[in-house]
Amino acid sequence: MVIQTPNGFTLDNSGQRVVVDPVTRIEGHMRCEVNVDENNIITNAVSTGTMWRGLEVILKGRDPRDAWAFTERICGVCTGTHALTSVRAVEDALGITIPENANSIRNMMQLNLQIHDHIVHFYHLHALDWVNPVNALRADPKATSELQQAVSPSHPLSSPGYFRDVQNRLKAFVESGQLGIFKNGYWDNPAYKLPPEADLMATTHYLEALDLQKDICKIHTIFGGKNPHPNWLVGGVPCPINVHSTGAVGAINMSVLNQVSSIIDQCIAFNNNVYIPDVIAIGGFYKDWLYGGGLSGKSVLAYGDIPEHANDFSPGQLHLPRGAIVNGNLNEVHEVDVRDPEQIQEFVDHSWYDYEEPGKGLHPWEGVTEARFELGPNAKGSRTNIEEIDEGAKYSWIKAPRWKGNAMEVGPLARYIVGYASGHEDITNQVDGLLRTMELPVSALFSTLGRTAARALESEYCGRLQKHFFDKLVANIRAGDESTANVAKWDPSTWPKEAQGVGMTEAPRGALGHWIKVKDGRIENYQCVVPTTWNGSPRDMAGNIGAFEAALMNTKVERPEEPVEILRTLHSFDPCLACSTHVMSPDGEELITVKVR
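Residues numbered from 1 in each chain as written. Predicted model: local features only at pLDDT ≥ 70, side-chain atom pairs only at ≥ 80, totals over all residues. Heavy atoms only, no water.

Student: Hey, could you go over the sheet that holds strand β14 (residues 498-507) for me, with residue numbers and the actual values?
Tutor: Taken together, the 3 strands give an open sheet; going across it, the order is β14-β15-β16, and neighbouring strands pair in antiparallel fashion. Each end of this open sheet is capped by a strand with a single partner; those strands are β14 and β16 (522-529). If you compare each strand with its neighbour and ignore which way they point, the axes differ by 15 degrees on average. Taken together, the 7 bridges between strand β15 (residues 510-519) and β16 define a ladder with antiparallel strand orientation. The residue of β16 that forms the bridge with Ile516 is Tyr526. (Pairing = 2+ DSSP bridges. Helix = DSSP H or I, 4+ residues; strand = E, 2+ residues; numbered from the N terminus. Axes fitted to C-alpha atoms, helices over the stretch in contact; angles between N-to-C directions.)

Rendered as structure tokens:
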């Protein structure tokens, strides 16, 4: 059957059906089905979140001061960002302001997360869609060294002996028959285009990134006590800050702050010497593979984040831009108001939930999370063994959020498109520089490769921003301002009888919002709309498809039974299904009842 969607895609599910379940190298549980025609071109795509998130139900009736601790555990990858968004929602509802130092620490923690997540995503989740580590065994270490010095002459680890040692480690690994993280790859698939030397260089940097990531997260442990799920936003922090002396045992003194500064410098060096050069070098071999644009050239959304000053979220004060672009019109960046019920609505026509009024979209403040799992009449298989989903019915645990009725893409590419269209100086300079280096037009941004490149550029930008806020924090404390908290409204007796608020941030994967309603000191309603809810959304009542589904359309697949290209594009979003879905039994029965006194 051929269907024309309102957002401009022609769907045809008559060809061969290819099922990828589970989609691996992501956070959480995801299923994807596509149809391919006789030329192996994808003509239809269906994205399914296969587990249910029940956090909104769990939070009802709880103390708003505890919400951050629950929502932070939505995900262990984008750690801390849900806590920040939750706290901002409660602060918005109760009229709480924060000191300037708290704003700097929050920004540093969020920027640290962005850098950590982007580096881990590229090297350990996404790179193997482009890089063939087995092919690296055929590389000439001397030629690899010359390639490294050509693409990044400042990187100190570039000698032929260094690459020969890495190659020998890989050889021993492969010959042992225990491929581990490289097992089940489609290593003879013609979709892989890198020469052996580029494969060896990138695989070597894969291992270097493994070493670096354990250091990056130390900033979270210094300010927040641990990672994942740092404790740093409510109820005190693990260590007091004292830059004037050694202070109390465990205090964050100047010595510890110098360690933070050193880690920031390591991240900046890795971004400049390894990450961005790798994206340019690898991308240079795939310049003709410009599939995966989907919604990125049509409709994108960013809430913006990283305010320069505390309590000021006006667009001009945000280092990460806010705005929306629709219908591909880069000449008009729309203002975004997450409080407006006409702007943001969630639909469940193709999601396993019930609304009182079918077909109606609900703003998150009025949101309902009422689960109803059922397969459509044209689905194949059973409830516990689905062979083929029925996209004409309900088919995902992810709701379908829409901005003014439009399906939107969110994430680093969306932020960079909004920033570029807005004339954001840093972003514009980065994008123009990359396009010049790679000799590509602006239109190349609207692709899987563009999505991957935007994440690398943002990691570099976030490194510079983190250094800025570190210097600002230290200078402020040295000037005598050591205030990091406002506890004036900690007592619920100071709260209004009823209140509602919203917290926003730009998580590594995109626009994140938490909406809360408080009544008589308890949570009356709580709704999270996370980046993968936007990107992984199913169809809506009008038939618009979401960003994952749109990005797969019209992609050429070399071998349908080896879906390298499908994974390549899905991974470019860095999906986090754990954020958009959570726990449900195979048969859909109630697992536990929790009563809140």
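Student: Can you tell me about the sheet that holds strand β4 (residues 30-36), naming the residues and giving the values?
Tutor: Through backbone hydrogen bonds, the strands of a sheet pair up, either in parallel or in antiparallel fashion. Here 3 strands make up an open sheet; going across it, the order is β3-β4-β5 and the pairing antiparallel. The sheet is open, and its two edges are formed by β3 (16-20) and β5 (42-49), each paired on a single side. Within the sheet, the average angular offset between the axes of one strand and its neighbour, ignoring direction, is 15 degrees. Contacts between helix α15 (residues 564-572) and the sheet are confined to β3, β4 and β5, with β4 contributing the most and set at about 130 degrees to the helix. (Contact = heavy atoms within 4.5 Å.)

Student: Now, about helix α11 (residues 425-438): what can you tell me, with residues and values included?
Tutor: The end-to-end C-alpha distance of α11, which contains 14 residues, comes to 20 Å, matching closely the 20 Å that a straight helix rising 1.5 Å per residue would cover. The complete set of buried residues in α11 reads Ile427, Thr428, Gln430, Val431, Gly433, Leu434, Leu435 and Met438. The secondary structure elements touched by the buried residues of α11 are α9 (254-284), α10 (412-422) and α12 (448-478). Once α11 ends, the next one or two residues include Glu439, with phi positive near 55 degrees. (Expected span 1.5 Å × (residues − 1). Buried < 20%, exposed > 50% of the residue type's maximum accessible area, 1.4 Å probe, protein only.)

Student: Mind laying out the pairing of β14, listing which residues take part and the relevant values?
Tutor: In regular strands, side chains alternate between the two faces of the sheet. Burial analysis of β14 places 8 of its 10 residues in the buried class, which makes it a mostly covered element. Judged from the 10 bridges that link them, β14 and β15 form a sheet pairing that is antiparallel. Pairing of Gly501 across the sheet is with Ile516, part of β15. In sequence, β14 turns back onto β15 through a hairpin of 2 residues.

Student: So what's going on with the side chain of Asn107? Residues and values would help.
Tutor: In this structure, Asn107 sits in helix α4 (residues 100-126). A polar atom in the side chain of Asn107 sits 2.9 Å from the backbone oxygen of Pro307. (Polar contact = N/O pair within 3.5 Å; in protein donor to acceptor, adjacent residues only side chain to side chain.)

Student: Which residues make up unusual backbone geometry, and what values go with them?
Tutor: What you tend to see is this: most non-glycine residues have negative phi, and most peptide bonds are trans. The peptide bond linking Asp21 to Pro22 adopts the cis configuration, its omega dihedral lying at 5 degrees. Within the fold, Pro22 resides in the loop between β3 and β4. For the bond from Asn227 to Pro228, the omega torsion is 5 degrees, close enough to zero to count as cis. Summarising the element assignment, Pro228 is placed in the loop between α8 (218-224) and α9. Although it is not a glycine, Asn40 sits at a positive phi angle of roughly 65 degrees.

Student: Describe the packing of aromatic side chains, listing the residues and the values that go with them.
Tutor: Tallied over the entire structure, the rule returns 14 aromatic pairs. Ring geometry for Tyr123 versus Tyr275: centroids 5.9 Å apart, planes at 55 degrees, classification tilted. Remark: Tyr275 occurs in helix α9 and Tyr123 occurs in helix α4; sequence separation between them is 152 residues. Tyr275 gets classed as buried once you look at its relative accessible area, which sits at 0%. A centroid spacing of 5.0 Å and a plane angle of 65 degrees characterise the contact between Phe548 and Phe573, whose relative ring orientation is edge-to-face. Of this pair, Phe548 sits in helix α14 (residues 547-552) while Phe573 sits in the loop between α15 and α16 (577-580), placing them 25 residues apart in sequence. An identical accessibility class is assigned to Phe548 and Phe573; each is buried. Within the aromatic cluster, the residues linked to one another by ring pairs are Phe122, Tyr123, Phe270 and Tyr275. (Phe/Tyr/Trp six-rings, centres within 6.5 Å; stacked < 30°, edge-to-face > 60°.)

Student: Account for the nonpolar core, naming residues and giving values.
Tutor: Counting residues in hydrophobic clusters, the biggest one holds 86 residues, and the most contacted among them are Ile119, Tyr123, Phe223, Val260, Phe270, Tyr275 and Ile282. Among the elements that make up this core, the one with the highest residue count is α12 (13 residues). When sequence neighbours within four positions are dropped, the list of residues in contact with Ile282 reads Phe122, Trp130, Val131, Leu194 and Ala202. If you look at the next biggest cluster of nonpolar residues, it comprises 28 residues, including Leu11, Cys32, Val34 and Ala547. (Core = buried A, V, L, I, M, F, W, Y, C linked by side-chain atoms within 4.5 Å.)

Student: Which residues make up the environment of Asn231, and what values do they have?
Tutor: Of note, Asn231 is situated in the loop between α8 and α9. Note on Asn231: relative accessible area 30%, which makes it partly exposed.

Student: Describe the state of the cysteines, naming the residues involved and giving the relevant values.
Tutor: Evaluation of the coordinates by the stated rule reveals 0 disulfides. Sulfur of Cys217: no disulfide; nearest cysteine sulfur belongs to Cys267 and is 10 Å away. By relative accessible area, which is 15% here, Cys217 ends up buried. (Disulfide = S-S within 2.5 Å.)

Student: Tell me about the environment of Leu512, and name the residues and values.
Tutor: By the element assignment, Leu512 lies in strand β15. Classification of Leu512 by relative accessible area gives buried; the value is 0%. As a C-alpha pair, Leu512 and Ala136 span 376 residues in sequence and 39 Å in three-dimensional space. Among all residues touching Leu512, those that are not within four sequence positions of it are Thr81, His82, Thr85, Tyr303, Gly503, Met504, Thr505, Ala507, Val529, Val530 and Pro531.

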